[in-house]
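Residue-level structural notes
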Amino acid sequence: MNKRVLSGMRSSNPRLHIGNYEGALRSWVDMQEEGYDMFCMVADYHALTTMYEDAAQVAVNAREVAKDYVAAGIDPKRSVVFRQSDVTEHAELHLLFSMITPLGWLERVPTYKEKKDDMGGAEREPYGLLGYPVLQTADILLYRPMGVPVGRDQAPHLEIGNDIGTRFNRLYGQEVFTPYRYLIPKDETRAKVPGLDMRKMSKSYDNCIYLSDTEDETAAKIKSAFTTPTKMRKTDPGIPEGCAVCQYLKLYSPQWQTQWEEDRAGERGCMQNKKELTECLNEMLRPMRERRAELDDAAIEAILADGAERAREVASETMRMVKSAMGWPVR
Ligand code: TRP
């Protein structure tokens, strides 16, 4: 049975936060433990679509993101950790797919419509932004995976991917690509981690808890986190649904139900919640920090070099199947 699974994240930031972990990375680690053949990619080309002016920064970020994958529990021996740009087949298949993808499919993608408006008009918007889902399709189909674990926001991209695969098969008369499944986390609380201020967790809001934060940084961030504004003292009733600390307790504390009840009833204060959360969260992050501490740039580059080699084995086989279906010379 095909147990291959591919996923990736854009290296637009140097650090992954607990929202990235809960939304995707955690399920990659779980699937690795269940025995799937995981291909964990750092999408540095994708980061260039919006950060082409900071190309060198994208490269630095890519290394840091790979470190976070390994720190979070992706074992580079069992799973393949690789960088998109190291496997040139991604660029090649992207080009071939760009020839068979109707423009209308791409213009309809909701993420494209949003991003486009941020770029400042047609003279500034790169061609690559429109092709973002085409490149993502190449990333996926190169590995002919059974499934792709991603956050819900990626669903439109995955849909186009299967459509492009089907179109390729039909155009060239061979079943090279079998549709893959979208593996979107069912647990919505885990998939939507709020930021420290209850807005969306995002670097630009400066409201993130990073996987690589130290114990003290984590404690300080939790201390300043948003809680029920009308809960001035312990005996005031809290509203856990609107309180960042309670939201995190739900994720990380085995006793969250009691904690929520007491918070609501005015039987516990925010200080106690914060103290208990700091302990739970630091307990979860501690093994990640330890693994990260062992990874310098040379160590992660060695992991990525090995990963690229293993990724290329599958990717080059797919390219031979693609060329052969097209009636093109196969190297
Ligand atoms: N678009 C994805 C994101 O923003 C990153 C990505 C690139 C990806 N290629 C992929 C995800 C292939 C899954 C499969 O997070």
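Our subject is the structure that appears above.
Residues numbered from 1 in each chain as written. Predicted model: local features only at pLDDT ≥ 70, side-chain atom pairs only at ≥ 80, totals over all residues. Heavy atoms only, no water.

1. With respect to the environment of R291
Following the sequence through the fold, R291 ends up in helix α14 (residues 270–293). A relative accessible area of 36% means that R291 is categorised as partly exposed. Taking the C-alpha atoms as reference, R291 lies 45 Å from M326; in sequence the two are 35 residues apart. Ignoring sequence-local partners within four residues, the contact set of R291 consists of V70, A71, A72 and G73. (Helix = DSSP H or I, 4+ residues; strand = E, 2+ residues; numbered from the N terminus. Buried < 20%, exposed > 50% of the residue type's maximum accessible area, 1.4 Å probe, protein only. Contact = heavy atoms within 4.5 Å.)

2. Observations regarding the pattern of salt bridges
Enumeration according to the criterion identifies 24 salt bridges in this entry. The partner of R26 in a salt bridge is E22, and the shortest N-O contact between them spans 2.7 Å. With R26 and E22 both in helix α1 (residues 18–33) and four residues apart, the pair spans about one turn of that helix. In this structure E22 comes out as buried when scored by relative accessible area, which is 3%. Across the salt bridge formed by E301 and R63, the nearest N and O atoms sit 3.0 Å from each other. Remark: R63 occurs in helix α3 (residues 55–72) and E301 occurs in helix α15 (residues 297–326); sequence separation between them is 238 residues. Salt bridges here are not isolated pairs; linked through shared partners, they connect R15, R63, E64, K67, D68, R83, D86, R292, D297 and E301. (Salt bridge = Lys/Arg side-chain N within 4 Å of Asp/Glu carboxyl O.)

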